[in-house]
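# Breakdown of the fold
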Amino acid sequence: MLQQVNGQSSGSDAHGRESLREDLQAFLGGEAPLHQLDDLTKVNPVTLETVLRCLQARYTADTFYTRAGCTLVALNPFKPIPQLYSPEVMQEYHTAPQPQKLKPHIFTVGEQTYRNVKSLIEPVNQSIVVSGESGAGKTWTSRCLMKFYAVVAASPTSWESHKIAERIEQRILNSNPVMEAFGNACTLRNNNSSRFGKFIQLQLNRAQQMTGAAVQTYLLEKTRVACQASSERNFHIFYQICKGASADERLQWHLAEGAAFSWLPNPERTLEEDCFEVTREAMLHLGIDAPTQNNIFQALAGLLHLGNTRFADSGNEAQPCPLMDDAKCSVRTAASLLRLPEDPLLETLRIRTIRAGRRQQVFRKPCSRAECDTRRDCLAKLVYARLFDWLVSVINSSICADPDSWTTFIGLLDVYGFESFPTNSLEQLCINYANEKLQQHFVAHYLRAQQEEYTAEGLEWSTVSYQDNQTCLDLIEGSPVSICSLINEECRLNRPSSAAQLQTRIESALAGSPCLGHNKLSREPSFIVVHYAGSVRYHTAGLVEKNKDPIPPELTRLLQQSQDPLLKVLFPADPEEKSQEEPSGQSRAPVLTVVSKFKASLEQLLQVLHSTTPHYIRCIKPNSQGRAQMFHQEEVLSQLEACGLVETIHISAAGFPIRVSHRNFVERYELLRRLCPGAAPSPHGPPPDEGRSEWSPGSEQATLQALLQDILHTLPALARAPAEATLAPVHCGRTKVFMTDSALELLERGRAQVLEQCARCIQGGWRRHRGRKKERQRRAAVLIQAAVRSWLTRKHIQRLHAAATVIKRAWQEWRVSTDLRSQGGQ
Ligand SMILES: Nc1ncnc2c1ncn2[C@@H]1O[C@H](COP(=O)(O)OP(=O)(O)OP(=O)(O)O)[C@@H](O)[C@H]1O
Ligand SMILES: [Mg+2]
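The rules behind the values
- Residue indices follow the written sequence of each chain, beginning from 1 at its first position.
- Numbering of ligands from 1 and lettering of chains from A proceed in the order in which they are written.
- In keeping with the predicted nature of the model, local features appear solely for residues at pLDDT of at least 70, side-chain atom pairs appear and are counted solely at 80 or more, and the whole-chain, interface and lining totals rest on all residues.
- Calculation of side-chain values draws on the structure's entire complement of heavy atoms; hydrogens and water are dropped beforehand.
- Coordinating donors are taken as N, O and S atoms within 2.8 Å of the metal, stretched to 3.2 Å for Na, K and Ca; because water is absent from the atoms, sites can appear incomplete.
- Helix and strand definitions here come from DSSP, where helices need a minimum of 4 consecutive H or I residues and strands a minimum of 2 consecutive E residues; each element is numbered from the N-terminal end.
- Only protein chains enter the calculation, and the probe is 1.4 Å; a residue is then buried if its accessible area is under 20% of its type maximum, exposed if over 50%, and partly exposed in between.
- Two aromatic rings from Phe, Tyr or Trp, using only the six-membered ring of Trp, form a pair when their centres are within 6.5 Å; if the ring planes differ by under 30 degrees the pair is stacked, by over 60 it is edge-to-face, and anything between is tilted.
- To sit over a ring, a charge needs its Lys NZ or Arg CZ within 6 Å of the ring centre and within 35 degrees of the ring normal.
- Note on geometry: axes are lines fitted to C-alpha atoms, helical ones only across the stretch in contact, with angles between N-to-C directions running from 0 to 180 degrees.
- An angle counts as roughly parallel when it lies under 35 degrees, as roughly antiparallel when it exceeds 145, as roughly perpendicular when it falls between 65 and 115, and as oblique in every other case.
- Should the near helix be turned counterclockwise from the far one by less than a right angle, the crossing is left-handed, whereas a clockwise turn marks it as right-handed.
- In this description, contact between two residues means that some pair of their heavy atoms is separated by no more than 4.5 Å.
- When residue character is reported, Ala, Val, Leu, Ile, Met, Phe, Trp, Tyr, Cys and Pro are called nonpolar, Asp, Glu, Lys and Arg charged, and the others, Gly included, polar.
- When DSSP locates at least two bridges between a pair of strands, those strands are taken to pair.
- UniProt positions are given in the numbering used here, feature names are shortened, and annotations may be inferred rather than shown by experiment.
- Any N or O atom pair separated by 3.5 Å or less is treated as a polar contact, with the protein-specific requirement of one donor-capable and one acceptor-capable atom, and with residues adjacent in sequence counted only for side-chain atom pairs.
- Being near a molecule or strand, for a residue, comes down to having at least one heavy atom within 4 Å of it.
- Accessible surface is estimated by sampling points in the Shrake-Rupley manner with a 1.4 Å probe; for residues, cover comes only from the protein chains shown.

### Quick notes on the coordination of the magnesium ion (ligand 2)
Protein ligation of the magnesium ion (ligand 2) involves Thr139 (OG1) and Ser194 (OG), the donor distances falling in the range 1.9 to 2.1 Å. Note that threonine 139 is positioned in helix H6 (residues 138–152) and serine 194 in strand E5 (residues 193–194), a separation of 55 residues in sequence. The exposure classification of threonine 139 matches that of serine 194, with both residues buried.

### Points about helix H8 (residues 236–244)
Burial within H8 is extensive, with 7 of its 9 residues counted as buried. Residues of H8 that are buried: His236, Ile237, Phe238, Tyr239, Gln240, Ile241 and Cys242.

### Considerations on the environment of proline 496
For proline 496, the position within the fold is in the loop between helix H17 (483–493) and helix H18 (499–509). With 48 residues separating them along the chain, proline 496 and valine 544 place their C-alpha atoms 9.9 Å apart.

### Regarding the packing of aromatic side chains
The final tally for this structure, using the stated rule, is 19 aromatic pairs. A centroid spacing of 5.2 Å and a plane angle of 65° characterise the contact between phenylalanine 196 and phenylalanine 388, whose relative ring orientation is edge-to-face. Linking phenylalanine 196 in the loop between E5 and strand E6 (197–204) with phenylalanine 388 in helix H14 (residues 369–399), this pair joins segments that are 192 residues apart in sequence. We classify phenylalanine 388 as buried; its relative accessible area is 3%. Put simply, the rings of Tyr85, Tyr93, Phe107, Trp140, Phe148 and Tyr149 pair up and form one aromatic cluster. One cation-aromatic arrangement involves arginine 233 over tyrosine 239; the distance from NZ or CZ to the ring centre is 3.8 Å. One Lys or Arg, arginine 618, reaches over the ring of phenylalanine 442 and ends 4.3 Å from the middle of that ring.

### Digging into the packing of helix H15 (residues 426–456) against helix H23 (residues 594–610)
Interhelical geometry of H15 versus H23 gives an angle of 20° and a closest axis separation of 11 Å. One way to sum up the angle between H15 and H23 is to call them roughly parallel. As H15 runs across H23, the sense of the crossing is right-handed. Where H15 approaches H23, its residues Leu426, Cys430, Tyr433, Ala434, Lys437, Leu438 and His441 are matched on the opposing element by Val594, Val595, Phe598, Lys599, Leu602, Leu606, Leu609 and His610. Grouping the constituent residues of the contact of H15 with H23 by class yields 11 nonpolar, 2 polar and 2 charged.

### Thoughts on the pairing of strand E9 (residues 361–366)
Bridge analysis of strand E8 (residues 351–356) against E9 gives 6 bridges, and the strand direction is antiparallel. Looking across to E9, one finds that isoleucine 351 is bridged to proline 366. Between E8 and E9, which pair antiparallel and follow one another directly, the connecting turn spans 4 residues, one of which, glycine 357, has a positive phi of 80°.

### Topic: the UniProt feature "binding site: ATP" (unreviewed entry) in the protein
According to UniProt, the positions carrying the feature "binding site: ATP" (unreviewed entry) are Gly132, Glu133, Ser134, Gly135, Ala136, Gly137, Lys138 and Thr139. By secondary structure assignment, the location of glycine 137 is in the loop between strand E3 (126–131) and H6. With residues near it in sequence (within four places) discarded, glycine 137 still touches Asn76 and Cys619. Along the chain, lysine 138 turns up in helix H6. Once residues lying within four places of it in the same chain are set aside, the contact partners of lysine 138 are Val130, Ser131, Gly132, Glu133, Asp414, Val415, Tyr416 and Cys619. Of the polar contacts made by the side chain of lysine 138, one reaches the backbone oxygen of glutamate 133; its length is 3.1 Å.

### Some remarks on the site of ligand 1
Every one of the 17 residues lining ligand 1 counts as a neighbour, but Tyr85, Ser134, Lys138, Thr139 and Ser193 are closest to it. Interatomic distance of 2.9 Å between a side-chain N/O atom of asparagine 76 and an oxygen atom of ligand 1. Note that an oxygen atom of ligand 1 is positioned 2.6 Å from one of the side-chain N or O atoms of lysine 138. Contact with the protein chains hides 87% of the accessible area of ligand 1, taken as 630 Å² for the molecule alone. At the level of secondary structure, the elements contributing two or more residues to the shell around ligand 1 comprise H6 and E5. Among the elements that line the shell around ligand 1, the one with the most residues is H6, at 3 residues.

Printed below as a string of structure tokens:
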């Protein structure tokens, strides 16, 4: 937009264009340098370019938090800054009369949220949604906020209650290292990447003291137990036990020093997250005693040995696959650590049992080598996922308060950000679906906040029309047909269908949706969803299978036979489970698919969010290398898009992205009054300086109002066509003038026109002055020339005259002498 304005108003000179652009930028941005602007909605105009420049200027000045209306943008510093999160800073924000007047910080959000709870204004419960891409700092931020609440919401009253409060706060904080050890892993994008989503509810009593908490987790990436991308690692806990076990424990868990495990890639890398002692200590605080811990780590060691179990091809379909030579010991160790009978374990891994017919006859079919591997991986995933869920329930029972002891809560959501990789599957579909839902929630909230500002300024909201992402959500989860329903249908019918067939079904059933696309050039079966943050191509191969997440019933039955106390808890003999895990083609009962479970938990989460006052923290990763002091504009831009900040910019653009104070507006556009000959010169003169003694806010406002109206009356005269003026609305609020890009363009065009007229006038005067001066100089030169010439002529004549006189005298003398000589001769 700036370029457009400049393109029209400036000449060809690039330097001139740049200076005009800076001039307009300075006018719109006000006097403050960009890095001092602590609210992105105050950059003027609200465009991606200015927002990016502002964030970069702040990052360079080591300022990592910036407000963006109702959102806080948190740039990852990628370096420790202890003084930014010290208890003194927490107290400063907690005790400040108006924390929002302090520098933007996560503690501003924390304190605002806490005060909202105190104020008891509905909705009293609060939620903070922390989002961003992997490595952007969500978990770090959530942890800092939990520490903040542990300090500010602690009970200072009596020693006894203080002790209880401290205990509960410590336990809540201790849940972090435990959940991170079991749920986080080192990935290419983050050394401590959370492989699950988390919502923690901090429960407060009537005196706003923290009495407990509850954790809800989402979509643990359990496939990581058995399959890790190259250069990535398994969950931290596996490395912790291998590196931190004592000599006795190594013996007991069969973890010889330096032993190689195929499910333990890159063990040579040591991270600060590999501290086994911290995890054990935290588990102890949460009530998980040493024998139970021992039991857990033993089972995990069992899984590592299970991962070394490898099969060879049998060469005969009727025979089960034999074990590789070096795997015999592994399977024995795995069986002993998991306290499973060795032969049934081997049999379950290698032979499938099928029940068929009316009498449910049992058939046994040896599995192929690949199937054996899948069953082994499935066993490990099943144990790990149950173990993780069990840990979450133990943590909850340790930190959750008695329902009577709390009345309000603050929810913290640490949720995976929008994902788009070269290959996207069910995991990305679920994650992006969650982000669409949260984005809709965010947009509704942002629109409300915008509406409040417009109302406060006395403007009408009806001028803003904005379409949210409902069409995309309809495509993913809508009724009766959507991507989710189609994938679930495939699972329910349990029919064999290829990836290409699924693509065709999705395309034909949802052809009408504007958010569904198809890349005709792609060879692999896929479909494209146009998300609010960009288009993502999902591959249909393996989608249905992942959605089914099939668990062979023999595996569960086997685990139910374990003599291990922990596995007995994780796999109780439950007849109800059978019906869920054996989906048969004829069954009419709804199949519990990954998508349907995820959808249900997401709906529950949104219900909670809807019942609270939301706050948003958008974490941004300034570069993908994790280096301090490095700001990559393109990477930041794509994150601004993914976290919905670009959307908020569009929302602003749908309304009035440009807001200028009355005074600045008049100062810049007062000259437009020259275009209207009818507009009388201001009776009040220019706005007085603030320092003058006769000035008063009331009189200045009256002066500004009169001038403003005069300027606004010139708008129709500026428009090239009558429609242009109506399409470029300018609204006069109580303190600011609100306008659209096109209105700014119109005003700038008019200003350029007036400036051009003035420039022409000055040029004309200058030319006339120069002409007159030249004429005077010419005449003077002629005069001087004439005088010189006449002087020279006179001089010349005088010289001739003198010469003639000399000649004449000489002639006369010669004649006299000649006469005398002739007379003497005679
Ligand atoms: N405010 C901060 N100060 C210093 N370092 C930080 C800060 N925020 C994040 N970091 C650094 O960035 C790393 C990644 O942060 P974090 O683990 O919170 O990312 P995340 O958004 O939770 O990623 P994921 O989605 O992969 O879990 C941290 O381990 C830490 O080193
Ligand atoms: Mg995280």
